[in-house]
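Observations on the model geometry
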Amino acid sequence: MKKIKLAVVGSAGRMGQQIIKEIQKFKSINLIAAIEKKNSPSINKNIKKIKITSDKETAFRKANTIIDFSLPNSTLETVKYAAKLKKKLVIGTTGLNTNQVSKIKSASKKTAIVFAPNMSIGINLLVELVSQASNVLFNNDTSVEVLDIHHKYKKDAPSGTALELGAAVAKGKNFNLKNKSTIKPNKIRKKQLGKINFYCKRQGNIVGNHSVIFTNNGEEIELKHKGFSRSIYALGAIKAALWLIDKKKGFFNMSNVLGIN
């Protein structure tokens, strides 16, 4: 198998550290660069014998694949260099707006990119199940709740995963999510017929709990995923990087990686 020469952006963050830990199990992956923002206290420190740097362009020249779990502005900078240098890219950053995602799609015309708000294999199976359930269950006599529960450090709400689950409900019935939801985070549970409510809670060290609940007058169906460790996201990102090995360009998601759509 072709060797992956990997650069990790956001290397000192929770996900970056988890990815670097997990890649030790893969003989076909070599960590060759670790990147953090310029004002990070981690700059010039070593992680697995690699000195952390803020110089993306220089670091990326040595790599053939990049994994980025950082912040939206940092990710867009990564996208610019990945397109310029023709480096394969896996993006797990959340909180990107529509315009920023459009820029990622444009860059994918020059290189291969996997973009997923949630890299967990289980979550991506859940998204597919939610779409199928919505096709059968959702109508004006049904309420949908998307439960989005994360650790206290999680900034975006609804999370990228919650929004993807909401989009899966919409996809199942072929409507625009904005027509059925305010898409704003609510701190109370609400059942509204023909509507989708996002209930968001941030507490403790919860890795990530997500549910989609369909309720009508006669019954309730809940599709649920609970994450026990951040390793599920790291391993999903690594799986995506391995899948990209023979891809030259294109915009992909985890459903493509897993072959479930």
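Scope of this entry: the structure provided in the associated data block. Position numbers for residues start from 1 in each chain and track the written sequence from start to end. With pLDDT at 70 or above as the cut-off, local features in this predicted model cover only qualifying residues; side-chain atom pairs require 80 or more to be listed or tallied, and sums for whole chains, interfaces and linings still use all residues. Note that the side-chain values use all heavy atoms of the structure and ignore hydrogens as well as water.

**Concerning the nonpolar core**
Using the following cut-off: Joining through side-chain atoms within 4.5 Å is the link that ties buried Ala, Val, Leu, Ile, Met, Phe, Trp, Tyr and Cys residues into a set, and such a set is a nonpolar core. Note on classification: 1.4 Å probe, protein chains only; a residue is buried when its accessible area is under 20% of the maximum for its type, exposed when over 50%, partly exposed between these limits. Contact criterion: two residues are considered in contact whenever any of their non-hydrogen atoms come within 4.5 Å of each other.
One finds Ile19, Ile67, Val90 and Val114 to be the most contacted residues of the largest nonpolar core, which totals 32 residues. When residues no more than four places from it in sequence are discounted, the contact partners of Val90 are Ile66, Ile67, Asp68, Val114, Met119, Ala237, Ala240, Ala241 and Leu244. If you look at the next biggest cluster of nonpolar residues, it comprises 22 residues, including Ala7, Leu85, Leu96 and Ala107.

**Notes on the pairing of strand E4 (residues 50–53)**
Residues in a regular strand point their side chains to alternate faces of the sheet. Heads up, the rule is: A helix here means a DSSP run of H or I that spans at least four residues, while a strand means a run of E at least two residues long, and both kinds are numbered starting from the N terminus. The rule for pairing is simple: two strands pair if DSSP sees at least two bridges between them.
Side-chain alternation along E4 places Ile50 and Ile52 on a buried face and Lys51 and Thr53 on a face that remains uncovered. Here strand E2 (residues 29–35) runs beside E4; their pairing, made up of two bridges, is parallel. Among the inter-strand pairings, Ile35 is bridged to a residue of E4, identified as Thr53. Across two bridges, strand E3 (residues 46–47) lies against E4 in antiparallel orientation.

**Description of the packing of aromatic side chains**
Inclusion rule: Aromatic rings from Phe, Tyr and Trp, taking only the six-membered ring of Trp, are treated as a pair when their centres fall within 6.5 Å; an angle between ring planes under 30 degrees marks them as stacked, one over 60 as edge-to-face, and anything in between as tilted.
Applying the stated criterion to the full structure yields four aromatic pairs. Look at Phe138 and Phe175: their rings are 5.6 Å apart centre to centre, the planes differ by 45 degrees, and that puts the pair in the tilted class. Taken together, the residues Phe138 in the loop between helix H5 (121–137) and strand E8 (143–150) and Phe175 in the loop between helix H6 (160–173) and strand E9 (185–186) connect sequence positions 37 residues apart. The buried category is assigned to Phe138, whose relative accessible area is 3%.

**Let's talk about the sheet that holds strand E1 (residues 4–9)**
For sheets, the rule is that strands pair by backbone hydrogen bonds, running either parallel or antiparallel. Keep this limit in mind: Axis definition: a line fit to C-alpha positions, over the contact stretch in the case of helices; interaxial angles, taken between N-to-C directions, run 0 to 180 degrees.
Pairing is mixed in the open sheet, where eight strands are placed in the order E3-E4-E2-E1-E5-E6-E7-E13. Each of the sheet's edge strands pairs with one partner strand only, and the pair in question is E3 and strand E13 (250–252). Across the sheet, helix H1 (residues 14–22) is in contact with E1, E2, E3 and strand E5 (65–68); its angle to E1 comes to roughly 160 degrees.

**Focus on the sheet that holds strand E12 (residues 220–227)**
Spatially, the five strands line up as an open sheet ordered E9-E10-E8-E11-E12, and their pairing is mixed. Edge strands, defined here as strands with exactly one partner in the open sheet, are E9 and E12. As paired elements, E8 and strand E10 (residues 196–202) share seven bridges and run parallel to each other. The partner of Val146 across the bridge, within E10, is Phe198. Sitting on the sheet, H5 is in contact with strand E11 (208–215) and E12, with an inclination near 170 degrees to E12.

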